[in-house]
Amino acid sequence: MMSVSTSGRLLPILAFCSFLVGFDAIATVPLLPEIAASTDMALKSGGLLYASYAIAYALMAPIMGNLSDRWNRKGILLIGIALFGISTALVGFGETTAELILIRSLTGIGAGMMEPVIYAIAGDTYAYEQRGRAMGVITASLISSSVLGVPLAGMITEYLSWTWTFWILAILTLIALAWAMLIIPNRWRDRHATASSTPLNRVFTQSHVFASLLASFLYFGALQGMFAIAGVFYFTFYGLGSGETGLLLMAAGASSIVGSLLGGKWADRYRKNRVVAIASMLAGVFVFALSLFTNNLWLSVLLHVMWAALYAAGQSAFTALVSELDPDSRGTVLSFNSSAMYIGASAASATATVLLKSGSFWPIGLMCGMANILVTLIVVFVIREKGAGQ
């Protein structure tokens, strides 16, 4: 573990890099009409830009996380930041659908090299008893990108053009690269001799580590299953337009930031698995209630805000918990969990779309709520918390 002064300087750059990853991931969402108008991409094909990004991320993250265990976390992170920045800049020069998909895939690879390693570096740096706070700050930064990213991207596009959104992101990434080179030390910890030969399949041979992958799949799926159809939900029951729904989602995002910070503090004070279990169980109750009580807008908003805050609180604690399941394979474990989240989000979103054809929202709420309850059971009965009291 590092000195207090060094770790204090490190957290801001890790949080900034996480913010950039989150901002870039959602940047295409509000810009799709403008991108379609100035390229040969059809508007209905806009979802392919996120899909290509997410698939590349999910496939690359485990490989790069494992490589960071074998080689050097700083080196992987710097290469990831460079690739991320270059490909983000290239988006602004894309003219065809094929070019944009290829470039967004490269951006996803860069993000897959960055985000899991960011959490692994935090795990290497902060003692387990203080790690929840650090994970909470990084997670809050990632979430804040969804609160600020959409309106910022819209403003930049309105006053400049959609290409400048990505070029400004690329400039910020260049700053992050220089900052990371200056602040992040080259050596992280004295690894055991076996750490340099950590096999990828190690995450599948340890029951508690494998259980964390299932929990990640379910936990992020429980979020995205309902979040993916939020616009349809508020339009169907309350007639809200995209602007009004966007403001509501920003409020939920703000509550998520608060939840992340509080969840990290609570995790250090009351144990990580306990915070995850309680937060996940309550999030499950609130998301199911959201799908049931659809006659009062303010009640729906309250349920949504509470659900978002509880989810984020559990996410901070869960990341801190997972970071100590196998310290010698920390990068590998965290990167596989990150991929499991993306896969879970895709699966839950697709399932929610199918369920929505029935015309009812409560089956989606039930699906998400049950997923949260399963996470609670996994955390309580299967995942062994390590590091507490050390």
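Residues take numbers from 1 onward in each chain, read along the sequence in its written order. At least 70 in pLDDT is required for a residue's local features to be given in this predicted model, at least 80 for side-chain atom pairs to be given and counted, and no such filter applies to totals for whole chains, interfaces and linings, which use all residues. Computation of side-chain values covers all heavy atoms of the structure but excludes hydrogens and water.

Participant: Hey, could you run me through the overall build of the protein in this one?
Facilitator: In terms of helices and strands, the protein carries 14 helices and 0 strands. In this text, helices come from DSSP runs of H or I with a minimum length of four residues, and strands from runs of E with a minimum of two, each type numbered from the N-terminal end. For the protein, the sequential pattern of α-helices and β-strands runs α-α-α-α-α-α-α-α-α-α-α-α-α-α. For this measure, only C-alpha atoms enter the radius of gyration; the expected value for a globule follows 2.2 Å times N^0.38, where N is the number of residues. On C-alpha atoms alone, the protein measures out to a radius of gyration of 20 Å, which is about the 21 Å that the 2.2 N^0.38 rule sets for 390 residues. Taken over the C-alpha atoms alone, the protein extends approximately 60 × 45 × 35 Å along its principal axes. The buried label applies to any residue whose accessible area, calculated with a 1.4 Å probe on protein chains only, is under 20% of its type's maximum; exposed applies above 50%, and partly exposed to all values in between. In the protein, which comprises 390 residues, the proportion classed as buried is 57%. In this analysis, two residues are considered to be in contact whenever any of their non-hydrogen atoms come within 4.5 Å of each other. The contacts of the protein with a sequence gap of at least 6 include a subset with a gap of at least 24, amounting to 85%. Areas reported here follow the Shrake-Rupley algorithm with a probe of radius 1.4 Å; residue values treat only the protein chains shown as occluding. Element-wise, carbon and sulfur atoms account for 71% of the exposed surface of the protein, whose accessible area totals about 15900 Å². Only four residue types enter the tally: Lys and Arg on the positive side, Asp and Glu on the negative side, with His and both chain ends excluded. By convention, charge coordinates are those of NZ in Lys, CZ in Arg, CG in Asp, or CD in Glu. Put simply, the protein has 21 plus and 17 minus side-chain charges, and the middle of one group is 11 Å from the middle of the other.

Participant: Just checking my understanding: could you explain the nonpolar core for this structure?
Facilitator: Where a protein is soluble and globular, its nonpolar side chains tend to be buried together. One finds Ile35, Leu77, Met114, Met226, Phe318 and Ile383 to be the most contacted residues of the largest nonpolar core, which totals 103 residues. Top element by residues in this core is helix α1 (residues 4-38). It accounts for 16 residues. Aside from chain neighbours lying at most four places away, what touches methionine 226 is Val287, Leu290, Ser291, Trp307, Ile364, Gly365 and Cys368. Buried Ala, Val, Leu, Ile, Met, Phe, Trp, Tyr and Cys residues that are joined via side-chain atoms within 4.5 Å together make up what is termed a nonpolar core.

Participant: It is not clear to me how the side chain of threonine 294 should be interpreted in this structure. Could you clarify?
Facilitator: One can find threonine 294 in the loop between α11 (272-292) and α12 (297-322). What makes threonine 294 buried here is its relative accessible area of 13%. Discounting chain neighbours no more than four positions away, the residues touching threonine 294 are Phe233, Phe237, Tyr238 and Ser300.

Participant: Got a minute to help me understand helix α3 (residues 73-91) in this structure?
Facilitator: One turn of an α-helix holds 3.6 residues; hence residues three or four places apart share an orientation. What a helix is expected to span follows from its residue count: subtract one and scale by 1.5 Å. The first and last C-alpha atoms of α3 sit 27 Å apart over 19 residues, in line with the 27 Å expected at 1.5 Å per residue. Counting buried positions along α3 yields 14 of 19 residues, so the element is predominantly enclosed. By the criterion applied in these results, polar contacts are pairs of N or O atoms within 3.5 Å in which, for protein atoms, one can donate a hydrogen and the other can accept it, and in which residues neighboring in sequence qualify only through two side-chain atoms. Backbone nitrogen of lysine 74 and a side-chain oxygen of the N-cap are separated by 2.9 Å at the start of α3; the cap is asparagine 72.

Participant: Please clarify how the packing of aromatic side chains should be interpreted in this entry.
Facilitator: Remark: the centre distance and the inter-plane angle together describe each pair of aromatic rings, the angle taken between the planes. Two aromatic rings, drawn from Phe, Tyr or Trp (for Trp, its six-membered ring), form a pair once their centres lie within 6.5 Å of each other, and the interplanar angle then sorts them: stacked below 30 degrees, edge-to-face above 60, tilted otherwise. Per the stated rule, a full pass over the model turns up 15 aromatic pairs. Relative to phenylalanine 361, the ring of phenylalanine 233 has its centre 5.3 Å away and its plane inclined at 85°; by these criteria the two rings are edge-to-face. Residue phenylalanine 233 is located in helix α9 (residues 230-238), and its partner phenylalanine 361 is located in the loop between α13 (330-356) and α14 (362-381); the two are separated by 128 residues in the primary sequence. Aromatic rings pair up to connect Phe233, Tyr234, Phe237, Tyr238 and Phe361 into one cluster. The ring of tyrosine 128 carries the charged tip of lysine 272 above its face, separated from the ring centre by 4.1 Å. Only lysine NZ and arginine CZ atoms are considered, and such an atom sits over a ring when it is within 6 Å of the ring centre and within 35 degrees of the ring normal.

Participant: Quick question: what am I supposed to make of the packing of helix α4 (residues 97-125) against α13 here?
Facilitator: The axes of two packed helices give the description: the angle between them and the distance between them. Inter-axis angles, ranging from 0 to 180 degrees, are taken between N-to-C directions of lines fitted to C-alpha atoms, where helices are fitted over the stretch in contact. α13 packs onto α4 with a crossing angle of 140° between their chain directions and a minimal axis gap of 9 Å. In terms of orientation, α4 and α13 fall into the oblique class. The crossing of α4 and α13 is right-handed. Residues Pro116, Tyr119, Ala120, Gly123 and Asp124 of α4 form the contact with α13, whose participating residues are Arg330, Gly331, Leu334, Ser335 and Ser338. Our angle categories are set so that under 35 degrees counts as roughly parallel, over 145 as roughly antiparallel, 65 to 115 as roughly perpendicular, and the remainder as oblique. For any helix crossing, the convention is left-handed if the near helix is rotated counterclockwise from the far helix by under a right angle, and right-handed if that rotation is clockwise.

Participant: Got a minute to help me understand the side chain of threonine 139 in this structure?
Facilitator: Tracing the backbone through its elements, the reader meets threonine 139 in helix α5 (residues 128-159). When its relative accessible area of 3% is taken as the criterion, threonine 139 is described as buried. Among all residues touching threonine 139, those that are not within four sequence positions of it are Tyr119, Ser260, Gln315 and Ser316.

Participant: What exactly am I supposed to notice about α4 here?
Facilitator: The end-to-end C-alpha separation of α4 is 42 Å, in line with the 42 Å expected for 29 residues at 1.5 Å each. When you tally the buried positions in α4, you get 22 out of 29 residues, the bulk of the element.

Participant: Looking at this structure, how should I read the packing of α11 against α14?
Facilitator: For the pair α11 and α14, interaxial distance at closest approach is 8 Å and the crossing angle is 170°. Regarding the angle of α11 to α14, the classification is roughly antiparallel. Across the interface between the two elements, Asn273, Val276, Ala277, Ser280, Met281, Ala283, Gly284, Val287, Phe288, Ser291 and Leu292 from α11 touch Trp362, Gly365, Leu366, Cys368, Gly369, Asn372, Ile373, Val375, Thr376, Val379 and Val380 from α14. Residues belonging to the contact of α11 with α14 are distributed by class as follows: 14 nonpolar, 8 polar and no charged. Amino acids outside the nonpolar list (Ala, Val, Leu, Ile, Met, Phe, Trp, Tyr, Cys, Pro) and the charged list (Asp, Glu, Lys, Arg) are all regarded as polar, and Gly is one of them.

Participant: Before we go on, may I ask you to explain the pattern of salt bridges in this structure?
Facilitator: When their charged atoms lie close together, side chains carrying opposite charge are able to pair. The term salt bridge refers to a side-chain nitrogen of Lys or Arg lying within 4 Å of a carboxyl oxygen of Asp or Glu. Across all of its chains, the model carries 7 salt bridges by this definition. With a shortest N-O distance of 2.7 Å, aspartate 24 and arginine 104 are connected by a salt bridge. One end of the pair, aspartate 24, is in helix α1; the other, arginine 104, is in helix α4, with 80 residues separating them in the sequence. Residue arginine 104 is classed as buried on the basis of its relative accessible area of 1%.

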